[in-house]
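Residues per chain, in single letters:
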Amino acid sequence: MSQPTLMLIVLCIALAVHYVAQKALLKKGWEVADPKPIINRFMINGAGLLVIGIAALIAAKPPYGLFGILIFIEGAVCVTFGRKLSKKPKT
């Protein structure tokens, strides 16, 4: 198995674990009275991943561009979770 293929498999597993952790954090955010710290965590995490994803896309040589795309998508998911949580109705 070539090195890029192995790295892609590891990255996919890491991003899947990250997604499950973010989904659990979103659930926790719906249950707490003040979700602002969780929203901030989502936004900072998402922004960091977006920057890393864009940098990876700019610096990528084939087949490494796929890594940047996957990281960028995960960053967008984090930001979306934060926005969804920020629209939580006040109780």
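Residues numbered from 1 in each chain as written. Predicted model: local features only at pLDDT ≥ 70, side-chain atom pairs only at ≥ 80, totals over all residues. Heavy atoms only, no water.

Asker: Before we go on, may I ask you to explain the nonpolar core in this structure?
Answerer: Across soluble globular proteins, nonpolar side chains show a tendency to be buried alongside one another. With seven residues, the main nonpolar core is built from Leu25, Leu26, Ile38, Ile39, Phe42, Phe81 and Leu85. Every element with two or more residues in this core is listed here: α1 (3-31), α2 (36-59) and α3 (65-86). Broken down by element, the residue count for this core peaks at three residues, all from α2. Contacts of Leu85, omitting those with residues within four sequence positions, involve Leu26, Gly29, Trp30, Pro35, Ile38, Ile39 and Phe42. By size, the runner-up hydrophobic cluster in this structure holds six residues, among which are Leu11, Leu15, Ile71 and Cys78. (Core = buried A, V, L, I, M, F, W, Y, C linked by side-chain atoms within 4.5 Å. Buried < 20%, exposed > 50% of the residue type's maximum accessible area, 1.4 Å probe, protein only. Helix = DSSP H or I, 4+ residues; strand = E, 2+ residues; numbered from the N terminus. Contact = heavy atoms within 4.5 Å.)

Asker: Mind showing me how you'd approach the packing of α1 against α2 here?
Answerer: The relative placement of two packed helices comes down to the angle between their axes together with the axis-to-axis distance. The geometry of α1 relative to α2 is characterised by a closest axis approach of 10 Å and an angle of 155° between their N-to-C directions. The orientation of α1 relative to α2 falls into the category roughly antiparallel. The chirality of how α1 crosses α2 is left-handed. Between α1, through His18, Gln22, Leu25, Leu26, Lys28 and Gly29, and α2, the contact on the second element is made entirely by Ile38, Arg41, Phe42, Asn45 and Leu49. When the residues that make up the contact of α1 with α2 are grouped by side-chain class, the tally is five nonpolar, four polar and two charged. (Axes fitted to C-alpha atoms, helices over the stretch in contact; angles between N-to-C directions. Parallel < 35°, antiparallel > 145°, perpendicular 65-115°, else oblique. Left-handed = near helix turned anticlockwise from the far one by under 90°. Nonpolar A, V, L, I, M, F, W, Y, C, P; charged D, E, K, R; others polar.)

Asker: Explanation requested: the packing of α1 against α3 in the structure shown.
Answerer: Between α1 and α3, the shortest axis-to-axis distance is 10 Å and the interhelical angle comes to 0°. As the angle between them shows, α1 and α3 are arranged roughly parallel. Grouping the amino acids of the contact of α1 with α3 by side-chain chemistry returns 17 nonpolar, three polar and three charged.

Asker: Is there a simple way to think about the environment of Lys90 in this case?
Answerer: Checked against the element boundaries, Lys90 lands in the segment after α3. It is 34 Å that separates the C-alpha atoms of Lys90 and Leu70, two residues lying 20 residues apart in sequence.

Asker: So what exactly am I meant to see when it comes to the side chain of Gln22 here?
Answerer: Of note, Gln22 is situated in helix α1. Discounting residues that sit within four places of it in the chain, Gln22 has contacts with Phe42, Asn45, Glu74, Cys78 and Phe81.

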